[in-house]
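So you can see what is in the structure, the chains are spelled out below.
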Amino acid sequence: MGTGTGIGRVRGLGSVRHGAGHWLTHRYTSVSNLLLVLWLIFSLVSLPGLDYESVRNWIANPLVAVPLMLMLVSVFWHLRLGMQVMLEDYVHDKGLNFFAILLLNFYTIAGAAAGIFAIAKIALTGVVK
């Protein structure tokens, strides 16, 4: 390994195959987000009405509640991956970077859990008549 040129100093310090998996996961979640959000839009458009009871009864259907929960997990996972890359690239202080990623993890887990809880609560209470 050379010390005189720029390439010589960084040779051997490249990817440890961590970035490729992160990049692929981000792409997978973007595709799942696209499919699930399109499903959500078409499902909402096909509802007879968008009043509270219609939407609540629609969410109470297990064939609707499960994809909604999957969409929430996918959206929050995608958010976490993208924000983590941004924080790693632009927050240079190691301690602040660690704290910011820790807060990001708590935020995404709490947001997804709250959304899943809300959907499950609606789905488990049943259809309103």
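Fair warning: this is a prediction, and the values are worked out from it, not measured in the lab.

### A closer look at the overall build of the protein chain
Secondary structure summary: the protein chain contains 5 helices and 0 strands in total. Along the protein chain, from the amino end to the carboxyl end, the secondary structure elements read α-α-α-α-α. Looking at the protein chain residue by residue over its 129 residues, the buried ones come to 26%. Residue pairs in contact within the protein chain that sit at least 24 positions apart in sequence constitute 70% of those at least 6 positions apart. Just so you have it, the protein chain exposes about 9,100 Å², and 73% of that area is on carbon and sulfur atoms.

### With respect to helix 5 (residues 94–125)
The end-to-end C-alpha separation of helix 5 is 46 Å, in line with the 46 Å expected for 32 residues at 1.5 Å each. Those residues of helix 5 that fall on the buried side of the exposure criterion are Asn-97, Ala-100, Ile-101, Leu-104, Thr-108, Ala-112, Gly-115 and Ile-119. The inward-facing, buried residues of helix 5 abut helix 3 (52–60) and helix 4 (62–90). Just downstream of helix 5, Gly-126 is the residue with a positive phi angle, here 90°.

### Considering the nonpolar core
Membership of the largest hydrophobic core comes to 13 residues, with the highest contact counts inside it found for Leu-40, Trp-58, Ile-59, Leu-68, Met-71 and Ile-119. Contributions of two or more residues to this core are made by helix 2 (18–46), helix 3, helix 4 and helix 5. In terms of residues, this core owes the most to one element, helix 4, which gives 6 residues. Setting aside its immediate chain neighbours within four residues, Ile-119 contacts Ile-59, Ala-65, Leu-68, Met-69 and Leu-72. Among the nonpolar cores identified, the runner-up in size contains 5 residues, and Val-91, Ala-100, Ile-101 and Leu-104 belong to it.

### Re the side chain of Asn-33
On the secondary structure map, Asn-33 appears in helix 2. You can call Asn-33 buried: its relative accessible area is 12%. One polar contact links Asn-33 to Ser-74, side chain to side chain, over a distance of 2.6 Å.

The rules behind these values
- Residues numbered from 1 in each chain as written.
- Predicted model: local features only at pLDDT ≥ 70, side-chain atom pairs only at ≥ 80, totals over all residues.
- Heavy atoms only, no water.
- Helix = DSSP H or I, 4+ residues; strand = E, 2+ residues; numbered from the N terminus.
- Buried < 20%, exposed > 50% of the residue type's maximum accessible area, 1.4 Å probe, protein only.
- Contact = heavy atoms within 4.5 Å.
- Areas by Shrake-Rupley, 256 points an atom, 1.4 Å probe, with all protein chains shown as cover.
- Expected span 1.5 Å × (residues − 1).
- Core = buried A, V, L, I, M, F, W, Y, C linked by side-chain atoms within 4.5 Å.
- Polar contact = N/O pair within 3.5 Å; in protein donor to acceptor, adjacent residues only side chain to side chain.

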